[in-house]
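Survey of secondary and tertiary structure
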Amino acid sequence: MTPRVVLVGPMGAGKTTVGRLVADALGVRFLDTDEVVEREAGKPVAEIFVDDGEPHFRALERAAVTAALEGHDGVLALGGGAVMDPATQEQLTAHEVVFLRVGLTDAAQRVGLGVSRPLLLGNVRGRIKQLLDERTPVYESVARHVVDTDGLTAAEVADRVRAVVEDEVRE
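Residues numbered from 1 in each chain as written. Predicted model: local features only at pLDDT ≥ 70, side-chain atom pairs only at ≥ 80, totals over all residues. Heavy atoms only, no water.

What follows concerns the pairing of strand 5 (residues 145-148). Only one face of strand 5 is covered, namely the one carrying His-145 and Val-147; the face carrying Val-146 and Asp-148 has none of its residues buried. With four bridges joining them, strand 4 (residues 97-101) and strand 5 adopt parallel strand pairing. For Leu-100, the partnering residue across the bridge sits in strand 5 and is Val-147. (Buried < 20%, exposed > 50% of the residue type's maximum accessible area, 1.4 Å probe, protein only. Helix = DSSP H or I, 4+ residues; strand = E, 2+ residues; numbered from the N terminus. Pairing = 2+ DSSP bridges.)

The next point concerns helix 2 (residues 33-41). Residues of helix 2 that are buried: Thr-33, Val-36 and Val-37. Seen end-on, helix 2 carries its buried residues on one side only, within an arc spanning 100°. Looking at the buried side of helix 2, the elements it contacts are strand 2 (30-32), helix 3 (45-52), helix 4 (54-71) and strand 3 (75-77). A side-chain oxygen of the first residue of helix 2 lies 2.7 Å from the backbone nitrogen of Asp-34; this N-cap is Asp-32. (Arc of directions from axis to C-beta. Contact = heavy atoms within 4.5 Å. Polar contact = N/O pair within 3.5 Å; in protein donor to acceptor, adjacent residues only side chain to side chain.)

Topologically, Ala-64 is positioned in helix 4. We classify Ala-64 as buried; its relative accessible area is 9%. Leaving out residues up to four positions away in the same chain, Ala-64 has contacts with Thr-33, Val-36 and Val-37.

With that out of the way, let us pick up the confidence of the model for the protein chain. For the protein chain, the average pLDDT comes to 87, and 88% of its residues sit at 70 or higher. Least confident of the elements in the protein chain is helix 6 (residues 104-111), whose mean pLDDT is 69; most confident is strand 1 (residues 5-8), at 98. Taken as a whole, residues 113-120 scores under 50 in pLDDT and shows 21 contacts with residues more than four places along the chain or in a different chain. (pLDDT = per-residue confidence, 0-100.)

Another aspect to go through is helix 1 (residues 15-26). Think of an α-helix as turning once every 3.6 residues; residues three or four places apart then point the same way. With 12 residues, helix 1 extends 16 Å from end C-alpha to end C-alpha; this agrees with the ideal 16 Å at 1.5 Å per step. Of the positions making up helix 1, those classed as buried are Lys-15, Val-18, Gly-19, Val-22, Ala-23 and Leu-26. Across the axial projection of helix 1, the buried residues extend over an arc of 135°, all falling on one side. Positive phi shows up at Gly-27, right after helix 1, with a value of about 70°. (Expected span 1.5 Å × (residues − 1).)

What follows deals with the packing of helix 3 against helix 4. Where helix 3 contacts helix 4, the two axes come as close as 7 Å, and the packing angle between them is 130°. Viewed along their axes, helix 3 and helix 4 adopt a mutual orientation that is oblique. Contact with helix 3, carried on its side by Val-45, Ile-48, Phe-49 and Asp-52, involves Glu-54, His-56, Phe-57, Arg-58 and Leu-60 of helix 4 and no other residues of that element. Among the residues forming the contact of helix 3 with helix 4, the class breakdown is five nonpolar, one polar and three charged. (Axes fitted to C-alpha atoms, helices over the stretch in contact; angles between N-to-C directions. Parallel < 35°, antiparallel > 145°, perpendicular 65-115°, else oblique. Nonpolar A, V, L, I, M, F, W, Y, C, P; charged D, E, K, R; others polar.)

Glancing now at the sheet that holds strand 2. Spatially, 2-3-1-4-5 is the arrangement adopted by the five strands of the open sheet, whose pairing is parallel. Unpaired on one side and paired on the other, strand 2 and strand 5 mark the two borders of the sheet. Here the strands of the sheet are splayed against their neighbours by 25° on average, with no regard to which way each runs. Helix-sheet contacts for helix 1 involve strand 1, strand 2, strand 3 and strand 4, and the interaxial angle to strand 2 is about 160°.

Written out as C-alpha coordinates, the structure reads:
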(Lines give C-alpha, C1' and ligand atoms only; values in the text may rest on other atoms or scores of the structure.)
Protein backbone atom coordinates (compact mmCIF):
# COMPACT_ATOMS: atom_id res chain seq x y z
CA MET A 1 0.00 0.00 0.00
CA THR A 2 1.54 3.31 -1.09
CA PRO A 3 0.18 6.83 -1.51
CA ARG A 4 -1.58 7.67 -4.75
CA VAL A 5 0.28 10.99 -4.75
CA VAL A 6 2.71 12.72 -2.39
CA LEU A 7 2.63 16.53 -2.30
CA VAL A 8 5.81 18.41 -1.42
CA GLY A 9 6.63 22.09 -1.35
CA PRO A 10 7.29 25.02 0.94
CA MET A 11 4.91 26.53 3.44
CA GLY A 12 2.30 28.53 1.60
CA ALA A 13 2.24 26.22 -1.42
CA GLY A 14 -1.15 24.84 -0.37
CA LYS A 15 -0.19 21.22 0.26
CA THR A 16 -2.88 20.62 2.89
CA THR A 17 -5.68 22.56 1.21
CA VAL A 18 -4.93 21.18 -2.25
CA GLY A 19 -4.32 17.70 -0.86
CA ARG A 20 -7.77 17.57 0.72
CA LEU A 21 -9.37 18.67 -2.57
CA VAL A 22 -7.42 16.10 -4.60
CA ALA A 23 -8.29 13.33 -2.13
CA ASP A 24 -11.98 14.23 -2.30
CA ALA A 25 -11.90 14.27 -6.10
CA LEU A 26 -10.15 10.89 -6.25
CA GLY A 27 -12.32 9.36 -3.53
CA VAL A 28 -9.37 8.52 -1.28
CA ARG A 29 -8.18 9.51 2.19
CA PHE A 30 -5.96 12.50 2.90
CA LEU A 31 -3.06 12.55 5.35
CA ASP A 32 -0.78 15.42 6.38
CA THR A 33 2.41 14.38 8.18
CA ASP A 34 2.45 17.61 10.22
CA GLU A 35 -0.99 16.68 11.57
CA VAL A 36 0.28 13.17 12.38
CA VAL A 37 3.23 14.63 14.31
CA GLU A 38 0.93 16.99 16.22
CA ARG A 39 -1.39 14.12 17.13
CA GLU A 40 1.48 11.91 18.26
CA ALA A 41 3.15 14.68 20.28
CA GLY A 42 -0.11 16.04 21.68
CA LYS A 43 0.79 19.61 20.73
CA PRO A 44 1.18 21.89 17.70
CA VAL A 45 4.35 21.90 15.60
CA ALA A 46 5.23 25.38 16.87
CA GLU A 47 5.16 24.15 20.46
CA ILE A 48 7.28 21.10 19.60
CA PHE A 49 9.93 23.44 18.14
CA VAL A 50 9.89 25.66 21.25
CA ASP A 51 9.57 22.95 23.91
CA ASP A 52 11.64 20.15 22.40
CA GLY A 53 13.71 21.72 19.61
CA GLU A 54 13.88 21.25 15.87
CA PRO A 55 15.94 18.00 16.00
CA HIS A 56 13.19 16.35 18.06
CA PHE A 57 10.53 17.60 15.64
CA ARG A 58 12.53 16.29 12.66
CA ALA A 59 12.84 12.85 14.28
CA LEU A 60 9.07 12.73 14.82
CA GLU A 61 8.53 13.96 11.27
CA ARG A 62 10.88 11.33 9.79
CA ALA A 63 8.97 8.56 11.58
CA ALA A 64 5.61 9.96 10.43
CA VAL A 65 6.79 10.22 6.82
CA THR A 66 8.18 6.68 6.79
CA ALA A 67 4.96 5.24 8.24
CA ALA A 68 2.80 7.21 5.80
CA LEU A 69 4.85 6.24 2.75
CA GLU A 70 4.53 2.59 3.74
CA GLY A 71 0.94 2.52 4.93
CA HIS A 72 -1.20 5.30 3.43
CA ASP A 73 -2.94 4.71 0.12
CA GLY A 74 -4.47 8.14 -0.50
CA VAL A 75 -3.10 11.64 -0.92
CA LEU A 76 -0.17 12.49 1.34
CA ALA A 77 1.14 15.98 2.14
CA LEU A 78 4.61 16.26 3.65
CA GLY A 79 5.74 19.11 5.87
CA GLY A 80 7.82 21.70 4.03
CA GLY A 81 11.14 20.59 5.53
CA ALA A 82 10.58 16.84 5.41
CA VAL A 83 12.34 16.49 2.06
CA MET A 84 15.56 17.85 3.50
CA ASP A 85 16.16 14.49 5.21
CA PRO A 86 18.35 12.28 2.95
CA ALA A 87 16.48 9.11 4.00
CA THR A 88 13.17 10.72 3.05
CA GLN A 89 14.62 11.79 -0.31
CA GLU A 90 15.61 8.18 -0.95
CA GLN A 91 12.18 6.87 0.06
CA LEU A 92 10.42 9.32 -2.26
CA THR A 93 12.09 7.90 -5.37
CA ALA A 94 9.53 5.09 -5.40
CA HIS A 95 6.51 7.41 -5.20
CA GLU A 96 4.40 9.69 -7.35
CA VAL A 97 5.65 13.04 -6.02
CA VAL A 98 4.22 16.39 -7.09
CA PHE A 99 6.06 19.60 -6.15
CA LEU A 100 3.66 22.49 -5.58
CA ARG A 101 5.86 25.40 -6.59
CA VAL A 102 5.07 28.83 -5.16
CA GLY A 103 6.86 32.13 -5.61
CA LEU A 104 7.98 34.41 -2.81
CA THR A 105 5.14 36.91 -3.17
CA ASP A 106 2.36 34.33 -3.12
CA ALA A 107 4.01 32.33 -0.31
CA ALA A 108 4.38 35.44 1.86
CA GLN A 109 0.74 36.41 1.27
CA ARG A 110 -0.50 32.91 2.10
CA VAL A 111 1.44 32.47 5.34
CA GLY A 112 0.81 36.01 6.58
CA LEU A 113 2.89 36.88 9.61
CA GLY A 114 3.79 33.24 10.19
CA VAL A 115 2.92 33.31 13.89
CA SER A 116 2.27 29.56 13.94
CA ARG A 117 5.31 28.78 11.82
CA PRO A 118 8.44 28.50 13.97
CA LEU A 119 10.89 28.76 11.09
CA LEU A 120 9.51 32.19 10.17
CA LEU A 121 10.22 34.05 13.37
CA GLY A 122 11.65 37.50 12.63
CA ASN A 123 11.74 38.74 9.04
CA VAL A 124 9.00 36.61 7.49
CA ARG A 125 9.60 37.54 3.85
CA GLY A 126 13.38 37.19 4.15
CA ARG A 127 13.08 33.83 5.88
CA ILE A 128 10.63 32.52 3.26
CA LYS A 129 13.07 33.57 0.52
CA GLN A 130 15.93 31.79 2.30
CA LEU A 131 13.85 28.60 2.69
CA LEU A 132 12.74 28.73 -0.96
CA ASP A 133 16.34 29.17 -2.11
CA GLU A 134 17.56 26.27 0.06
CA ARG A 135 14.74 23.83 -0.56
CA THR A 136 13.53 24.36 -4.14
CA PRO A 137 16.37 22.32 -5.72
CA VAL A 138 15.52 19.44 -3.37
CA TYR A 139 11.79 19.64 -4.12
CA GLU A 140 12.61 19.58 -7.83
CA SER A 141 14.95 16.61 -7.42
CA VAL A 142 12.38 14.40 -5.67
CA ALA A 143 9.37 15.37 -7.80
CA ARG A 144 8.12 13.61 -10.89
CA HIS A 145 5.86 16.57 -11.63
CA VAL A 146 5.86 20.28 -10.85
CA VAL A 147 2.62 22.26 -10.55
CA ASP A 148 2.94 26.04 -10.31
CA THR A 149 0.50 27.56 -7.81
CA ASP A 150 1.07 31.29 -8.21
CA GLY A 151 -2.08 33.20 -9.03
CA LEU A 152 -4.25 30.08 -8.89
CA THR A 153 -7.01 29.08 -6.51
CA ALA A 154 -6.65 25.89 -4.49
CA ALA A 155 -9.30 24.28 -6.70
CA GLU A 156 -7.35 25.15 -9.86
CA VAL A 157 -4.15 23.71 -8.39
CA ALA A 158 -6.02 20.58 -7.28
CA ASP A 159 -7.34 20.12 -10.82
CA ARG A 160 -3.79 20.31 -12.20
CA VAL A 161 -2.49 17.83 -9.63
CA ARG A 162 -5.34 15.44 -10.36
CA ALA A 163 -4.65 15.73 -14.10
CA VAL A 164 -0.97 14.77 -13.76
CA VAL A 165 -1.82 11.90 -11.41
CA GLU A 166 -4.53 10.56 -13.70
CA ASP A 167 -2.24 10.89 -16.74
CA GLU A 168 0.38 8.77 -14.92
CA VAL A 169 -2.21 6.07 -14.18
CA ARG A 170 -3.22 5.88 -17.85
CA GLU A 171 0.34 5.59 -19.19
